[in-house]
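# Structural characterization, general
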Amino acid sequence: MTQDELKRAAALAALAYVADGIVVGVGTGSTANHFIDGLAARKDRIAGAVASSEASAQRLAAHGIPLLELNDVDRLPVYVDGADEIDGGMSMIKGGGGALTREKIVAAVADVFVCICDDSKRVSVLGGFPLPVEVIPMARRYVMARLTALGGLPRLRDGFITDNGHCIIDVAGLSITDPCDLECTINQIPGVVTNGLFAQRGADVLLLARPDGVMTITRSPT
Ligand code: 5RP
């Protein structure tokens, strides 16, 4: 199976978490796109979807799936999204597509975060994938210096502006052994909007697609 076929298998498995009548939170990226395409077949059975990016909103709308604003929703039972990396504690690096801030907001509201991945995304230690950090443009230089002091190799994502009008700095060279701590530390830097570590709110369920099938992994109780 190709990586894209694996992504699709994980995405379609997530449809089982979409109960009739609910509002579903929808992530961003190629795996989330497969989920949106699968959701189209049951659009008449859900109350609607909250999108984590303009790109996902456009794809949902193109399928005729009712779009809702997060502020108009009382409850979001489930959020379905991909990841760039996920570790054994269900912490993730996200934001390869640059939608990390809205993804983190929608994920925070959801009761259950279902992560959909092909098995190349599972790692023992996060940090092989450069950590995306969304930054207010005037703070770019200062934030890069602070990220360097943390041991990273920050690099501006050239020509990329987020849906919120900010820039993204990708930080290579981090070996992230305490994702919760680093998530907090980076978020404290003035000028940082948010970073792509999803550890304080990690995944509850991981649907991990391998050539022999989709494995379901659930967060162990703490
Ligand atoms: C976008 C994300 C994506 O979930 C992540 O980049 C994975 O993308 P893909 O499903 O295309 O591999 O965080 O901001």
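Described below are features of the structure shown in this document.

About the criteria used
Residues numbered from 1 in each chain as written. Predicted model: local features only at pLDDT ≥ 70, side-chain atom pairs only at ≥ 80, totals over all residues. Heavy atoms only, no water. Buried < 20%, exposed > 50% of the residue type's maximum accessible area, 1.4 Å probe, protein only. Helix = DSSP H or I, 4+ residues; strand = E, 2+ residues; numbered from the N terminus. Pairing = 2+ DSSP bridges. Phe/Tyr/Trp six-rings, centres within 6.5 Å; stacked < 30°, edge-to-face > 60°. Lys NZ or Arg CZ within 6 Å of the ring centre and 35° of its normal. Core = buried A, V, L, I, M, F, W, Y, C linked by side-chain atoms within 4.5 Å. Contact = heavy atoms within 4.5 Å. 1 Å grid on protein atoms, 1.4 Å probe; cavity = no way out; pocket = protein on both sides within 12 Å on 5 of 7 lines; lining within 4 Å. Points joined across faces, edges and corners; volume = space filled by probe spheres on them. Nonpolar A, V, L, I, M, F, W, Y, C, P; charged D, E, K, R; others polar. Axes fitted to C-alpha atoms, helices over the stretch in contact; angles between N-to-C directions.

## Focus on the pairing of strand β6 (residues 110-118)
Within β6, 7 of the 9 residues are buried, which leaves the element mostly enclosed by the surrounding structure. Relative to β6, strand β3 (residues 76-81) runs parallel, the two sharing 5 bridges. Counted as the bridge partner of Leu 76 is Ala 110 from β6. Here β6 runs beside strand β12 (residues 205-210); their pairing, made up of 5 bridges, is parallel. Across the sheet, Val 114 pairs through a bridge with Val 205, a residue of β12.

## Overview of the packing of aromatic side chains
If you walk through the whole model with that rule in mind, you get 1 aromatic pair. Ring centres of Tyr 79 and Phe 113 lie 5.1 Å apart, and the angle between their planes is 90°; this geometry places the pair in the edge-to-face category. Taken together, the residues span a long stretch of sequence, with Tyr 79 in strand β3 and Phe 113 in strand β6 at a distance of 34 residues. Residue Phe 113 is classed as buried on the basis of its relative accessible area, which comes to 0%. Geometry around Phe 198 places Lys 104 over its ring, the cationic atom sitting 5.1 Å from the centre. Seen from the ring of Phe 160, Arg 157 lies directly overhead, with NZ or CZ sitting 5.2 Å from the centre.

## A word on the nonpolar core
Among the nonpolar cores identified, the biggest contains 24 residues, and Val 24, Val 26, Phe 35, Leu 39, Ile 65, Val 114 and Ile 116 are the most heavily contacted of them. Every element with two or more residues in this core is listed here: α1 (3-13), β1 (23-26), α2 (30-39), β3, β6 and β12. Once residues within four sequence positions are removed from consideration, Val 24 is found in contact with Val 18, Phe 35, Leu 39, Ile 46, Gly 48, Ala 49, Val 50, Leu 76 and Val 78. If you look at the next biggest cluster of nonpolar residues, it comprises 22 residues, including Met 90, Met 92, Cys 117 and Phe 198.

## Structural notes on empty space enclosed by the protein
Under the definition given, this model contains 1 cavity of 30 Å³ or more. Put simply, the largest cavity is a space of about 30 Å³. The leading source of residues in the lining of the largest cavity is helix α4 (residues 100-109), at 3 residues. Residue classes in the lining of the largest cavity are distributed as 2 nonpolar, 5 polar and 3 charged.

## Remarks on the sheet that holds β6
The strand order across the open sheet formed by 6 strands is β2-β1-β3-β6-β12-β13, and the pairing between neighbours is mixed. On the outer flanks of this sheet lie β2 (48-51) and β13 (213-218), each paired with one strand and no other. Taking the axes of each pair of neighbouring strands and ignoring which way they run, one obtains an average angle of 20° across the sheet. Here β12 runs beside β13; their pairing, made up of 6 bridges, is antiparallel. Considered in β13, the bridge of Arg 210 is made with Gly 213.

## Points about the layout of surface pockets
Considered as a void within the structure, the largest pocket measures approximately 300 Å³ in volume. Among the secondary structure elements, those contributing two or more residues to the lining of the largest pocket are β2, α3 (54-62) and α4. No other element matches the 3 residues that α4 contributes to the lining of the largest pocket. A breakdown of the residues in the lining of the largest pocket according to their chemical character gives 8 nonpolar, 2 polar and 3 charged. Of the voids in this model, the second largest pocket is the one considered here, and its volume is about 160 Å³. Every residue lining the second largest pocket is counted, 16 residues in all, and those nearest its centre are Thr 28, Gly 29, Ser 30, Ala 83 and Asp 84. A per-class count over the lining of the second largest pocket returns 2 nonpolar, 8 polar and 6 charged.

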